[in-house]
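Listed below are the residues making up each chain.
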Amino acid sequence: MQAATAQVKFEHRPNANPMPQAEREKAFENLGFGTLFSDHMAVVRWSADKGWHSAEITARAPFPVDPASAVLHYAQEIFEGMKAYRTADDKVVLFRPEQNARRFGASAERMAMPVLPEDIFMQAVEELVRIDSAWIPKGEGSLYLRPFMFAAETFLGVRPAREYVFCVIASPVGPYFKGGAKAVTLWVTETYTRAAQGGTGAAKCGGNYAASLIAQAEAVGHGCDQVVFLDAAEHRWVEELGGMNVFFVMNDGSLVTPPLTGTILPGITRDSLITLARDNGITVNERPYSFDEWKADAASGKLREAFACGTAAVVAGIGTVRHAGGEFKIGNGETGFLTEKLRNDLVGIQRGKASDKHAWVHPLAGV
Ligand SMILES: *Cc1c(COP(=O)(O)O)cnc(C)c1O
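Throughout this document, residue positions are counted from 1 along each chain, in the order its sequence is written. With pLDDT at 70 or above as the cut-off, local features in this predicted model cover only qualifying residues; side-chain atom pairs require 80 or more to be listed or tallied, and sums for whole chains, interfaces and linings still use all residues. Heavy atoms throughout the structure, all of them, feed into the side-chain values; hydrogens and water do not.

1. Notes on the overall build of the chain
(1) Moving on: In this text, helices come from DSSP runs of H or I with a minimum length of four residues, and strands from runs of E with a minimum of two, each type numbered from the N-terminal end. Helices and strands together make up the secondary structure of the chain, namely eight helices and 18 strands.
(2) Moving on: Each radius of gyration reported is based on C-alpha atoms, and the globular scaling rule is 2.2 Å times the count of residues to the power 0.38. Computed over its C-alpha atoms, the radius of gyration of the chain comes to 21 Å, within 12% of the 21 Å expected for a compact globule of 367 residues.
(3) Moving on: For the chain, the spread of C-alpha atoms along the principal axes amounts to about 60 × 50 × 35 Å.
(4) Moving on: When the 367 residues of the chain are sorted by exposure, 52% land in the buried category.
(5) Moving on: Should any heavy atoms of two residues lie within 4.5 Å, those residues are counted as being in contact. Sequence separation of at least 24 residues holds for 72% of the intrachain contacts in the chain that already meet a minimum separation of 6.
(6) Moving on: When the accessible surface of the chain is summed, it comes to about 16,300 Å², and 52% of that surface belongs to carbon and sulfur atoms.
(7) Moving on: Residues scored as charged are limited to Lys and Arg (positive) and Asp and Glu (negative), so that His and the chain ends carry no count. To locate a charge, take atom NZ for lysine, CZ for arginine, CG for aspartate or CD for glutamate. If you average the places of the 37 positive and of the 42 negative side-chain charges in the chain, the two averages end up 2 Å apart. A simple rule labels every residue: compare its accessible area, found with a 1.4 Å probe on the protein chains alone, to the largest value its type can have, and call it buried under 20%, exposed over 50%, or partly exposed in between. Each accessible area is a Shrake-Rupley result for a 1.4 Å probe, and residues are judged covered by the shown protein chains and nothing else.

Next up, the structure:
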């Protein structure tokens, strides 16, 4: 592993044809998720002989990819998802970005990729946000940042590649779920699983998503917004959604969330909400929760609320749960009171409106 403190110098090659301000502001009137991109990208390359090199901030543009490029065949690819916010007093901030840098390193290790020093990850993200700060929407929106890395060696042999490209792109976004904060409907798949013990469930890799898309399509086919996975060994324990962690609010006021045993992605939103809940004197039990328990608790009223969480959607109330054997509602089928409170507490900190006692907010100088 490499030192976490290495620094590189980013060459700046500003985009010669940035989007005119009027056009950008027009595009901001109707923001979707991940459809519009900023003018620049950060790129750092790695090779076995040179290490990290050729760091640059440059115009966003396609990569030339050789047809034998390793990522196209064996899918050595990892990514992160984070956001830059413009606060009410016009500061630009990131939320716990060092956690994304650390998790990116953990994902790299699992995928036999070189570990990007956390300082270089931070530098790339900060320099991109700085040059494209005009792309951070005001108000409810944010600038979604997508750091990622892929195997770029031209080689068909099966072993870890000897060349990689690390890149960060940025996309101004509005709300993740169409229809805003309405409670979502989940599909519990009993056909497909997402991750097994010893697999890649805790790594943020494209391959996990590739494997989950058919289950997500199954969910959509049943009129649901998102899929929820059960464990691969017993098909019994609730794990998480395709891209979000899950919480249950019990009628004694406590929270339950599945434990991080290697098959679940360790969400930074998950971690933040556990901390905020405990700050509020709420008991949080990280323990296995079965699908049978879920059905029974929803029916008896022992389960009061449930929600999903992740950077993109922040916190989404779960209203209805559908499965091969039927469906059930949670509470009155709408976003619950504690769900709403935790969401507001977290968004308040991210937006600089509430006190940040854990120093999660990372202000960006020079913007
Ligand atoms: C990214 C991701 C999450 C949420 O993580 P955050 O750090 O909260 O954004 C949850 N599950 C999966 C599978 C993910 O890829």
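2. Brief notes about the site of the ligand
(1) Moving on: One heavy atom within 4 Å of a molecule or strand is enough for the residue carrying it to be called near that molecule or strand. If you check the shell around the ligand, you find 15 residues, and the closest are K204, Y209, E240, T269 and T311.
(2) Moving on: Any N or O atom pair separated by 3.5 Å or less is treated as a polar contact, with the protein-specific requirement of one donor-capable and one acceptor-capable atom, and with residues adjacent in sequence counted only for side-chain atom pairs. Contacts to the ligand include T269, whose side-chain N or O atom sits 2.6 Å from an oxygen atom.
(3) Moving on: The fraction of the free accessible surface of the ligand (380 Å²) that becomes covered by protein chains is 97%.
(4) Moving on: In terms of residue class, the shell around the ligand is made up of four nonpolar, seven polar and four charged. Note on residue classes: Ala, Val, Leu, Ile, Met, Phe, Trp, Tyr, Cys and Pro are nonpolar, Asp, Glu, Lys and Arg are charged, and everything else, Gly too, is polar.

3. Description of the domain arrangement of the chain
(1) Moving on: As assigned here, the chain comprises domain 1 (11-173) and domain 2 (184-350).
(2) Moving on: Here the bounds of each domain stem from an automatic or database domain assignment. Put simply, the middle of domain 1 and the middle of domain 2, counted by C-alpha atoms, are 28 Å apart.
(3) Moving on: In this assembly, 20 residues from domain 1 lie in contact with 20 residues from domain 2.
(4) Moving on: Two parts lose some accessible area (1.4 Å probe) when they are put together, and adding that loss for both gives the buried area. For the pair domain 1 and domain 2, the summed buried surface comes to about 1,600 Å²; carbon and sulfur atoms form 61% of the total.
(5) Moving on: By the criterion of area lost to domain 2, the three top residues of domain 1 are F79, F95 and R103, representing 37% of everything that side buries.
(6) Moving on: Only one rule defines a salt bridge in this text: a Lys or Arg side-chain nitrogen within 4 Å of an Asp or Glu carboxyl oxygen. Viewed at the interface, domain 2 and domain 1 are joined by one salt bridge.
(7) Moving on: Across the salt bridge formed by R96 and D271, the nearest N and O atoms sit 2.9 Å from each other.
(8) Moving on: For the interface between domain 1 and domain 2, the tally reads eleven residue pairs in polar contact (both at pLDDT 80 or more).
(9) Moving on: For the side of domain 1 that touches domain 2, the element with the most residues is helix α3 (residues 97-110), which contributes five residues.
(10) Moving on: Here the side of domain 1 that touches domain 2 is composed, by residue class, of nine nonpolar, five polar and six charged.

4. Observations concerning the nonpolar core
(1) Moving on: Among the nonpolar cores identified, the biggest contains 51 residues, and F10, V129, L145, M149 and F166 are the most heavily contacted of them.
(2) Moving on: The element that contributes the greatest number of residues to this core is strand β8 (residues 163-173), accounting for seven residues.
(3) Moving on: Those residues in contact with V129, other than ones at most four positions away along the chain, are A84, V92, L94, I136, L145 and L364.
(4) Moving on: With 25 residues, the next largest nonpolar core counts V228, V256, A298 and A308 among its residues. Residue types Ala, Val, Leu, Ile, Met, Phe, Trp, Tyr and Cys, when buried and joined through side-chain atoms within 4.5 Å, form a set referred to as a nonpolar core.

5. Observations concerning empty space enclosed by the protein
(1) Moving on: The distinction between a cavity and a pocket rests on a 1 Å grid over the protein atoms alone: a 1.4 Å probe fits inside a cavity but cannot get out, while a pocket stays open yet meets protein on both sides within 12 Å along at least five of seven lines, and a residue with an atom within 4 Å of a point counts as lining. Grid points are joined across faces, edges and corners, and a volume is the space filled by probe spheres set on the points. With the rule as written, the count across this model stands at one cavity of 30 Å³ or more.
(2) Moving on: Considered as a void within the structure, the largest cavity measures approximately 130 Å³ in volume.
(3) Moving on: Considering the residues around the largest cavity, the lining is formed by 13 residues, among which Y85, F95, T269, T311 and Q350 are closest to the centre.
(4) Moving on: Secondary structure elements with two or more residues in the lining of the largest cavity: β5 (82-86), α6 (268-279) and α8 (337-350).
(5) Moving on: Sort the elements by how many residues they give to the lining of the largest cavity and β5 lands first, with three residues.
(6) Moving on: Looking at the lining of the largest cavity, its residues break down into six nonpolar, six polar and one charged.

6. Some thoughts on the UniProt feature "modified residue: N6-(pyridoxal phosphate)lysine" (unreviewed entry) in the chain
(1) Moving on: UniProt positions are given in the numbering used here, feature names are shortened, and annotations may be inferred rather than shown by experiment. Following the UniProt record, the feature "modified residue: N6-(pyridoxal phosphate)lysine" (unreviewed entry) maps to K204 here.
(2) Moving on: If we skip the residues at most four places from it in the chain, K204 touches I78, F79, E80, G81, R103, S107, Y209 and L265.

7. Side note on α3
(1) Moving on: What a helix should span is 1.5 Å times the count of its residues minus one. In this model α3 runs 20 Å from its N-terminal to its C-terminal C-alpha over 14 residues, within 8% of the 20 Å that 1.5 Å per residue would give.
(2) Moving on: All of the buried residues in α3 are P97, N100, A101, R103, F104, G105, S107 and A108.
(3) Moving on: A112 lies just past α3 and shows a positive phi near 55°.

8. Describing the state of the cysteines
(1) Moving on: We call a pair of cysteine sulfur atoms a disulfide when they lie within 2.5 Å. Taken as a whole and judged by the stated rule, the model has zero disulfides.
(2) Moving on: Distance from the sulfur of C224, which forms no disulfide, to the nearest cysteine sulfur (C309) is 19 Å.
(3) Moving on: Take C309: it sits in no disulfide, and the sulfur closest to it among the cysteines is that of C205, at 19 Å.

9. Here we look at the pairing of strand β9 (residues 184-188)
(1) Moving on: A large share of β9 lies buried, amounting to five of its five residues.
(2) Moving on: Of the two faces of β9, the one carrying V184, L186 and V188 and the one carrying T185 and W187 are both buried.
(3) Moving on: The criterion for strand pairing is that DSSP finds at least two bridges linking the strands in question. Bridging between β9 and strand β16 (residues 314-323) involves four bridges; their strand directions are parallel. Its bridge partner lying in β16, L186 is registered against V321.
(4) Moving on: The pairing of β9 with strand β10 (residues 226-230) spans three bridges and is classified as parallel. Opposite L186, over in β10, you have Q226 as the bridge partner.
(5) Moving on: In terms of handedness, the path from β9 via helix α5 (residues 206-221) over to β10 forms a crossover that is right-handed. By convention, orient the strands away from the viewer: a clockwise path from the first strand over the helix to the second makes the crossover right-handed.

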